[in-house]
Amino acid sequence: MIELVKFPKDFTWGVATSSYQIEGAVNEDGRTPSIWDTFSKTEGKTYQGHTGDVACDHYHRYKEDVQIMKEIGVKAYRFSIAWPRIFPEEGKYNPKGMDFYKRLVDELLKREIIPVATIYHWDLPQWAYEKNGGWLNRESVKWYVEYASKLFEELGDVIPLWITHNEPWCSSILSYGIGEHAPGHKDWREALIAAHHILLSHGEAVKVFRDMNLKGAQIGITLNLTPAYPASEKEEDKLAVQYADGFANRWFLDPIFKGNYPEDMMELYSKIIGEFDFIREGDLETISVPIDFLGVNYYTRSIVKYNEDSMLKAENVPGPGKKTEMGWEISPESLYDLLKRLDREYTKLPMYITENGVAFKDEVTEDGRVHDYERIEYIKEHLKAIARFIEEGGNLKGYFVWSLLDNFEWAHGYSKRFGIVYVDYETQKRILKDSAFWYKGVIEKGVIE
Ligand SMILES: OC[C@@H]1[C@@H](O)[C@H](O)[C@@H](O)c2[nH]c(CCc3ccccc3)c[n+]21
């Protein structure tokens, strides 16, 4: 008997991308470099020195790409806006840069596709970085609010869903602490300072958004959340989970939803970074201003065991499940656990899966198609986990596949393909993969077999 899994009629079926990963046209219409332009051109930072100079040439091909979304039947499109197009220099607004997003939104609305805008998806203007390190400088809050306010003014009447930040964990910890992403620093104190200013900029932007009273528009933030599981039932492994969870999840969930940083992590981090003198009176009140929804980016879980020598007292161990091209374990059931935990411990607000997807070795076969059955399987299993959560009363409103297109996968360049649409970078030809046709069917019927 085939199990039919149903979704609500008004479920928001979407696809997601980001500016630096798909647009290209890095010097067009007044855009100036972002920290990712600089980072990707720095020797050794990205796979084979790949950059976003051309990417999917979406800046010029956006009409074709929106038409593809229409063919797939998506209800919503999550994209990000490139700050360096809007403010190529401090305080200097660039209307030509804004015009691209007005053209894009027009194309979407013509096809009744809901535009969902991420204000910041990692492409900090280089000019901001050069003023004392970008997010390390508390002035970044001011620059960000000026940028976000301009977006609300110009697009607030046509974009109903706004996401202040994509994955603060990545734009702070991965970028200033671990160093894998731009600007490539490896300093824990810097990482926590950056995280604080990014969260602060989120709160200040929400305040401005509220003051503008934009009819029918809602605002939230997207967090990448990775549930942690113990490698054994040993008490020490459970302690390792507590710290891994604090590191990946609670450091961001707590300030946003509880108005404080988690005590256990403050204690642990203070041994490394000293004083939290960058937190000022009133900051946590600002960071925890009420939002309208939470965006959740989910890809995988972590399994940890205790390690006395590690700063977090935890080290990852490989999971038993199938791995993706990124080396991430496939674990749909952990998405269900994560959603239940968020509902139980953090918020009853509407949630969206603002990213979920997978990289596999995709190839165009003789028949000119891409038979990415593993990607279909991955998405199907994660949708089942979501359906179970919704059935149990979970407030989950939508799902955005990462990604519409194969694109620039950050430090991995173009070597990892996450798209449901294949991009031949030589010719910029788009080929709908089997997963795109499958997703079209799911959206049409609102069920998965
Ligand atoms: O790696 C796939 C996607 C990126 O292409 C998106 O830009 C980004 O929002 C995103 N976040 C995650 C999960 C967190 C993560 C990001 C980068 C590297 C490792 C983990 C996966 N992804």
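Residues numbered from 1 in each chain as written. Predicted model: local features only at pLDDT ≥ 70, side-chain atom pairs only at ≥ 80, totals over all residues. Heavy atoms only, no water.

For the chain, an unreviewed UniProt entry supplies the name beta-glucosidase and the organism Caldanaerobacter subterraneus subsp. tengcongensis. We quote the UniProt Sequence similarities (unreviewed entry) comment for the chain here in full: "Belongs to the glycosyl hydrolase 1 family." (UniProt positions renumbered as here; feature names shortened; annotations may be inferred.)

K.L.:
How would you summarise helix α15 (residues 434-445) if you had to cite specific residues and measurements?
P.N.:
End to end, α15 covers 17 Å across 12 residues, agreeing with the expected 16 Å (1.5 Å per residue, within 8%). Along α15, the residues that are buried comprise Asp434, Ser435, Ala436, Trp438, Tyr439, Gly441, Val442 and Ile443. (Helix = DSSP H or I, 4+ residues; strand = E, 2+ residues; numbered from the N terminus. Expected span 1.5 Å × (residues − 1). Buried < 20%, exposed > 50% of the residue type's maximum accessible area, 1.4 Å probe, protein only.)

K.L.:
Could you give an account of the packing of helix α14 (residues 373-391) against α15, naming the residues involved and the relevant values?
P.N.:
Relative orientation of the contacting elements α14 and α15 amounts to 30°, with a least axis distance of 9 Å. Taken together, α14 and α15 sit at an angle that is classed as roughly parallel. Side by side, α14 and α15 meet where Arg375, Ile376, Ile379, Lys380 and Leu383 of the first sit next to Asp434, Ser435, Trp438 and Val442 of the second. For the contact of α14 with α15, the class distribution of residues is five nonpolar, one polar and three charged. (Axes fitted to C-alpha atoms, helices over the stretch in contact; angles between N-to-C directions. Parallel < 35°, antiparallel > 145°, perpendicular 65-115°, else oblique. Contact = heavy atoms within 4.5 Å. Nonpolar A, V, L, I, M, F, W, Y, C, P; charged D, E, K, R; others polar.)

K.L.:
So what's going on with the sheet that holds strand β9 (residues 302-306)? Which residues, and what values?
P.N.:
Overall, mixed pairing links the three strands, which are arranged β7-β9-β10 in an open sheet. For this open sheet the edge positions go to β7 (228-230) and β10 (314-316), each flanked by a neighbour on one side alone. Along the sheet, successive strands turn relative to each other by an average axial angle of 45°, direction set aside. In this structure, β9 lies alongside β10, joined through three bridges in antiparallel fashion. From the neighbouring strand, Tyr306 faces β10, where its bridge partner is Ala314. (Pairing = 2+ DSSP bridges.)

K.L.:
Describe the sheet that holds strand β5 (residues 161-166), and please don't skip the residues or the numbers.
P.N.:
In space, the eight strands of this closed barrel follow the order β2-β3-β4-β5-β6-β8-β11-β12, with parallel pairing throughout. Between one strand axis and the next, the sheet turns by 25° as a mean value, whatever way the strands run. Bridge count between strand β4 (residues 114-120) and β5: four bridges; the pairing is parallel. When the bridges of β5 are listed, Thr118 appears paired with Ile163. Against the sheet, helix α13 (residues 332-345) engages β8 (293-297), β11 (351-356) and β12 (396-402), with an angle of about 150° to β11.

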